[in-house]
Amino acid sequence: MRWSPFLGISLIVALLSLLLFKIFPLKSLYSTPQNFQRLFTVEELAIYNGSDPSLPIFLGIIGSVFDVSKGKSHYGVGDGYNHFAGRDASRAFVSGNFTGDGLTDSLHGLSSAEVKSIVDWRDFYFRTYTEGNPTKYLKGAEAKAARGAQLMEKQKNEEAKLPSCNSRWSQEEGSEVWCDDGYPRLVQRPEQIALTGKMSKRCACFKEDDLGQPGLEVYEGCDYLAKTCRL
């Protein structure tokens, strides 16, 4: 009997199909979202808000969906984090607004540092819970967060060149800053504009020969060559 090449191909296809079925079995619509390929609409995701005990609890953040059912004592109805269940409320992770318009997935207007904080929260869920598939929205947020991380590293390196002032506070005496070596001055932190959208200042110590640099600010009520300033 002559062996048919078509029979051999059919046998290989059948074996591959059986292998793929074992590796990727079919799942029902309401199964745990491990390796799922579907995309949720707002209405579909809302079904998994913990109100139906027969369904898992899902949480969305920056376009990814996580099964947080094992944390139902936190995400169940009436529990502390239930406002995150059944929706993507990414913005609330940094805004702290857990009502109304605050529970939204919009990151519009957030700084790179704030977006990085949300991505860090997503990483927490990635480590702790079952994850679904990321979206293009997540990729954009991760890129912005990466830019925030770069700016924070740049700011850290720049500020390491100038020692920070010592500081303390007491109810009796209020605030006080001082330098062990040098004189306290307020200096701007330019990277903060890109990170938070706001300019901020910090106290740094400067040698006497460097006090004539532009942009250095003497604390109000503090002598020009004072090493300690009470605020």
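The coordinates are above.
So, a few notes on the structure that sits alongside this text. (Residues numbered from 1 in each chain as written. Predicted model: local features only at pLDDT ≥ 70, side-chain atom pairs only at ≥ 80, totals over all residues. Heavy atoms only, no water.)

A closer look at the environment of alanine 85
- Tracing the backbone shows alanine 85 in the loop between α3 (72-75) and α4 (92-95).
- Taking the C-alpha atoms as reference points, alanine 85 and aspartate 67, 18 residues apart in sequence, are found 9.6 Å from one another.
- Excluding anything up to four places from it in sequence, alanine 85 contacts Tyr48, Asn49, Ile57, Phe58 and Tyr75. (Helix = DSSP H or I, 4+ residues; strand = E, 2+ residues; numbered from the N terminus. Contact = heavy atoms within 4.5 Å.)

As for the pairing of strand β4 (residues 166-170)
- Across five bridges, β4 lies against strand β5 (residues 174-178) in antiparallel orientation. Bridge pairing in β5 places arginine 168 opposite glutamate 176.
- The turn linking β4 back onto β5 is made up of three residues. (Pairing = 2+ DSSP bridges.)

As for the pairing of β5
- Two elements, β5 and strand β8 (residues 228-230), share three bridges in a ladder whose sense is antiparallel. Paired with glutamate 176 across the bridge in β8 is arginine 230.

Quick notes on the state of the cysteines
- In total, this model carries three disulfides according to the counting rule given.
- Across the disulfide from cysteine 165 sits cysteine 203; the S-S distance is 1.9 Å. In this structure the cystine formed by cysteine 165 and cysteine 203 twists about its S-S bond by roughly -75°; its chirality is therefore left-handed. Highlighted residues: cysteine 165 in the loop between α6 (136-160) and β4 and cysteine 203 in strand β7 (residues 201-206), separated in sequence by 38 residues. Just as cysteine 165 is buried, cysteine 203 falls in that class too.
- There is a disulfide in this structure between cysteine 222 and cysteine 229, and the S-S distance comes to 1.8 Å. Looking down the S-S bond of the cysteine 222 and cysteine 229 bridge, the torsion is -55°, so its handedness is left-handed. There is no split in this pair, since cysteine 222 and cysteine 229 are both buried.
- The connectivity of the disulfide bonds within the chain can be written as 1-3, 2-4, 5-6, using the sequence rank of each bonded cysteine. (Disulfide = S-S within 2.5 Å. Buried < 20%, exposed > 50% of the residue type's maximum accessible area, 1.4 Å probe, protein only.)

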